Amino acid sequence: MQEDKLKGFEAGADDYITKPFSMEELLLRMQAILRRTEDPVKNSEQENIFTIGQYVFDFNRQLLTFRGKELKLTSKEASLLRLLCTNANQVLERSVALNKIWQDDSYFNARSMDVYIVKLRKYLKEDPSVELINVHGIGFKLVMNR
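1. What about a nonpolar patch on the surface?
Right, so step 1: Together, M23, L27 and M30 line one region of the surface with nonpolar side chains, adding up to about 310 Å² of accessible area.
Right, so step 2: Tracing the backbone shows M30 in helix α2 (residues 23-47).
Right, so step 3: Note on M30: relative accessible area 43%, which makes it partly exposed.

Laid out in structure tokens, this is it:
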């Protein structure tokens, strides 16, 4: 019996219950597992909300909010802005963004990404502390001065 438990844990189990067991114990063990798995979900939702100067960007809802005014972003705009936010104040290489979002760094996709960068600049222009700059020959940088 002890050997079976050890094999189970070695195989990746994080809990073990033997027969006979009470239904109350089973339910409490299940609740404990659910509690452990709920926290990462909440954290991942919070990790997808970014403060960009005076803007709030909710990646999951694809919303960019500025002073109560909400702007719905397209999937590509949201993905690109999220990538810029996770690399805030650092250079994001063009090829990295193209491969992560477009899965290809071809000339045509690069031109498409440039259009999305122009749109994001337009969306973020209301806050002078936020700037989306080109780093010549390398990529882009989302700069937040506050």
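2. Remarks on the sheet that holds strand β6 (residues 130-135)
Right, so step 1: Strand order across the open sheet formed by three strands is β5-β7-β6, with antiparallel pairing between neighbours. The open sheet has two free edges, formed respectively by β5 (91-93) and β6, since each of these has just one partner strand. For this sheet, the mean inter-axis angle between neighbouring strands, taken without regard to orientation, is 25°.
Right, so step 2: The pairing of β5 with strand β7 (residues 139-144) spans three bridges and is classified as antiparallel.

3. With respect to the pairing of strand β4 (residues 69-72)
Right, so step 1: Here four bridges tie strand β3 (residues 63-66) to β4, and the two strands are oriented antiparallel to one another. Its bridge partner being in β4, L64 is matched across the sheet by L71.
Right, so step 2: Turn length for the β3-β4 hairpin, with the two strands adjacent in sequence and antiparallel, is two residues, and the turn residue R67 shows positive phi of about 50°.

4. Notes on the sheet that holds strand β2 (residues 55-58)
Right, so step 1: Taken in spatial order, the four strands line up as β1-β2-β3-β4 in an open sheet, and their pairing is antiparallel. Since the sheet does not close on itself, it has two edges, and those belong to β1 (49-52) and β4, each with one partner. Direction aside, the axes of adjacent strands within the sheet are offset by 20° on average.
Right, so step 2: Two elements, β2 and β3, share four bridges in a ladder whose sense is antiparallel. Of the residues in β3, the one forming a bridge with F57 is L64.
Right, so step 3: Strands in contact with helix α3 (residues 75-86) are β1, β2 and β3; relative to β1, the strand with the most contacts, it is inclined by about 70°.

Rules used in this analysis
Residues numbered from 1 in each chain as written. Predicted model: local features only at pLDDT ≥ 70, side-chain atom pairs only at ≥ 80, totals over all residues. Heavy atoms only, no water. Patch = residues over 30% accessible without salt bridge, like charges linked within 9 Å, V, L, I, M, F, W, Y side chains within 5 Å. Areas by Shrake-Rupley, 256 points an atom, 1.4 Å probe, with all protein chains shown as cover. Salt bridge = Lys/Arg side-chain N within 4 Å of Asp/Glu carboxyl O. Helix = DSSP H or I, 4+ residues; strand = E, 2+ residues; numbered from the N terminus. Buried < 20%, exposed > 50% of the residue type's maximum accessible area, 1.4 Å probe, protein only. Pairing = 2+ DSSP bridges. Axes fitted to C-alpha atoms, helices over the stretch in contact; angles between N-to-C directions. Contact = heavy atoms within 4.5 Å.

This is a description of form; function is not addressed.
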